Amino acid sequence: MIDLRNLRRVAATALGVTAAVQAGTAAVALPKGRRDYVDVVWGPGLGAIAISSALVGSGDARRRWALAAVVGGWAARLGAHVLPRMTGHDEEDPRYAEWLEGDSTARVIGKVFVMQGAAQLAVSLPVQVAAASTLPRSARRLLLPAGIVLAVGGAVLEAVADRQKEEYTATPKEERPQVLDTGVWGISRHPNYLGDSLVWDGVWLAAAASSPGGWTWPAPALMSYVLIQGTGARLTERRMEGRPGYADYQRRVPFFFPDPRRLLGS
């Protein structure tokens, strides 16, 4: 069951939090000509929505705070991972410079900050609905622990993938292989994006323990589409096409989802 009045309060709070995060980021980023700063607040913005939803929601308290803990922890780790890349140099990411070339300030605000805020609200919809919903007495409530386990597993996979990539990048070129193909990068060519996708699949599964939460499936579907076909894996593949050894890596390692037969050693 869902408390629609409380859901409106949760949604209004999420909107206010998101607007504050994006406005604050724009206020810092635009004068410096660093529109790419918006990447830093993607995770923390979602974490802020999850925590605020837990605070103002009236649904099952265990689920509210479990989701807040998982999403908040994922967000903190991601923000800490991205921030040094943004502050470590003075040049804006060339992708943003190319994408926004010639745009007015108003258009930049719409394309970058408003668009990301809208995406954060859409992706976090399962969290918001769960915060205003009670759990059923039926076996369906078991979707909650299953979803939390999946989300935590995805967060761990993403963190491990990022750490292994950092270690690879820090190794002198003459001492490292042409392509990172060990560890989790040996079971998927994009384990970081895979882990991210699993986080939001797990969040949706936890929300789906209540019937209204099941209807928020477009949120994880959107996230998975962006991570696979949008700004994530496919874009990375295009950028890596000419790298020595990458064609061989593509033949040996699955694109996104691991091959179960390889995981089982058959």
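Our subject in this report is the structure included herewith. (Residues numbered from 1 in each chain as written. Predicted model: local features only at pLDDT ≥ 70, side-chain atom pairs only at ≥ 80, totals over all residues. Heavy atoms only, no water.)

### Topic: a positive patch on the surface
Short version of the rule: A patch consists of residues whose relative accessible area exceeds 30% and which take part in no salt bridge; residues with like charges are grouped when within 9 Å of each other, and nonpolar side chains (Val, Leu, Ile, Met, Phe, Trp, Tyr) when within 5 Å. Each accessible area is a Shrake-Rupley result for a 1.4 Å probe, and residues are judged covered by the shown protein chains and nothing else. Think of a salt bridge as a Lys or Arg side-chain nitrogen and an Asp or Glu carboxyl oxygen that are within 4 Å of each other. Asp and Glu are treated as the negative residues and Lys and Arg as the positive ones, with His and the ends of the chain left uncounted. Charge positions come from single atoms, namely NZ of Lys, CZ of Arg, CG of Asp or CD of Glu. Runs of E in the DSSP output that reach at least two residues are strands. Runs of H or I that reach at least four are helices, and both are numbered from the N terminus.
On the surface, a cluster of positive charge is contributed by Arg85, Lys165, Lys173, Arg239 and Arg243. Structurally, Lys173 is set in the loop between α7 (143–170) and α8 (191–207).

### Some points on the packing of α8 against helix α10 (residues 218–228)
The packing of two helices is summarised by the inter-axis angle and the distance between the axes. Note the cut-off: Axes, fitted as lines to C-alpha atoms, cover a helix only where it is in contact. Angles between the N-to-C directions of the axes lie from 0 to 180 degrees. Angle categories are assigned with fixed cut-offs, so that under 35 degrees is roughly parallel, over 145 is roughly antiparallel, 65 to 115 is roughly perpendicular, and the rest are oblique. Contact definition: two residues touch when any of their heavy atoms are within 4.5 Å. Polar here means any residue other than Ala, Val, Leu, Ile, Met, Phe, Trp, Tyr, Cys and Pro, which are nonpolar, and Asp, Glu, Lys and Arg, which are charged; Gly is therefore polar.
Put simply, α8 and α10 touch, their axes get as near as 9 Å, and they point 175 degrees apart. Relative to α10, α8 is oriented roughly antiparallel. Side by side, α8 and α10 meet where Tyr193, Asp196, Ser197, Trp200, Asp201 and Trp204 of the first sit next to Pro220, Met223, Ser224 and Leu227 of the second. Class assignment for the residues of the contact of α8 with α10 results in 6 nonpolar, 2 polar and 2 charged.

### Overview of the pattern of salt bridges
Rule in force here: Buried residues are those whose accessible area, probed at 1.4 Å on protein chains only, stays under 20% of the maximum for their type, while exposed residues exceed 50% and partly exposed ones sit between those limits.
Enumeration according to the criterion identifies 13 salt bridges in this entry. Note that Glu167 is salt-bridged to Arg163, the shortest N-O span being 3.4 Å. Residue Glu167 and its partner Arg163 are located together in helix α7, separated by 4 residues, close to a single helical turn. Judged by relative accessible area, which is 44%, Glu167 ranks as partly exposed. For Arg252, the salt bridge identified is with Asp248, shortest N-O distance 2.8 Å. Taken together, the residues Arg252 and Asp248, both in helix α12 (residues 246–252) and 4 residues apart, mark about one turn of the helix. Overall, the relative accessible area of 39% leaves Arg252 in the partly exposed class. Among the charged side chains, a salt-bridge network with shared partners connects Asp181, Asp248, Arg251 and Arg252.

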